[in-house]
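# Chains, contacts and geometry: an overview
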Amino acid sequence: MRRLLWLGIGLAVGALVVRAVAKKAQAFTPQGIAASARDGAVGIAAGVRNFVDDVRDGMAEREAEIQAAFADGLTLDDDLYPEGPQYR
């Protein structure tokens, strides 16, 4: 009975090891490498897309600030040149 228990444990561990090795080996096949590259490219594309969206949001916010200042007759040069305009 005891030998049968150890045989079952050995078979279960062996099956888990074979599955893990097969999964790791799949990563080094051409299809596995292509899938990894595709996943990386998708991640990079998503990051670039988020960056572009953030830049557009910032541009829209700054545009609204400029338009509000223009409507109020204010100048934004004071923010850029606190010492005053260089050319008059």
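Calculation notes
- Residues numbered from 1 in each chain as written.
- Predicted model: local features only at pLDDT ≥ 70, side-chain atom pairs only at ≥ 80, totals over all residues.
- Heavy atoms only, no water.
- Helix = DSSP H or I, 4+ residues; strand = E, 2+ residues; numbered from the N terminus.
- Buried < 20%, exposed > 50% of the residue type's maximum accessible area, 1.4 Å probe, protein only.
- Areas by Shrake-Rupley, 256 points an atom, 1.4 Å probe, with all protein chains shown as cover.
- pLDDT = per-residue confidence, 0-100.
- Expected span 1.5 Å × (residues − 1).

### Things to note about the overall build of the protein
Secondary structure summary: the protein contains three helices and zero strands in total. Along the chain direction, N to C, the helices and strands of the protein fall in the order α-α-α. Here the protein, with 88 residues, has 3% of them falling under the buried criterion. Accessible surface, the protein: about 8,200 Å² in total, of which carbon and sulfur atoms supply 65%.

### Remarks on the confidence of the model for the protein
Confidence in the prediction for the protein averages 87 pLDDT; 85% of positions are at 70 or higher. Taking the mean pLDDT of every element in the protein, the minimum, 62, falls on helix H3 (residues 77-80) and the maximum, 93, on helix H1 (residues 2-26).

### Let's talk about H1
In this model H1 runs 36 Å from its N-terminal to its C-terminal C-alpha over 25 residues, within 8% of the 36 Å that 1.5 Å per residue would give. Little of H1 sits inside the fold, with zero of its 25 residues counted as buried.

### So, helix H2 (residues 30-72)
Helix length check: H2 (43 residues) gives 63 Å between terminal C-alpha atoms against 63 Å at 1.5 Å per residue, within 8%. Phi for Gly73, located one or two positions after H2, is positive at around 80°.

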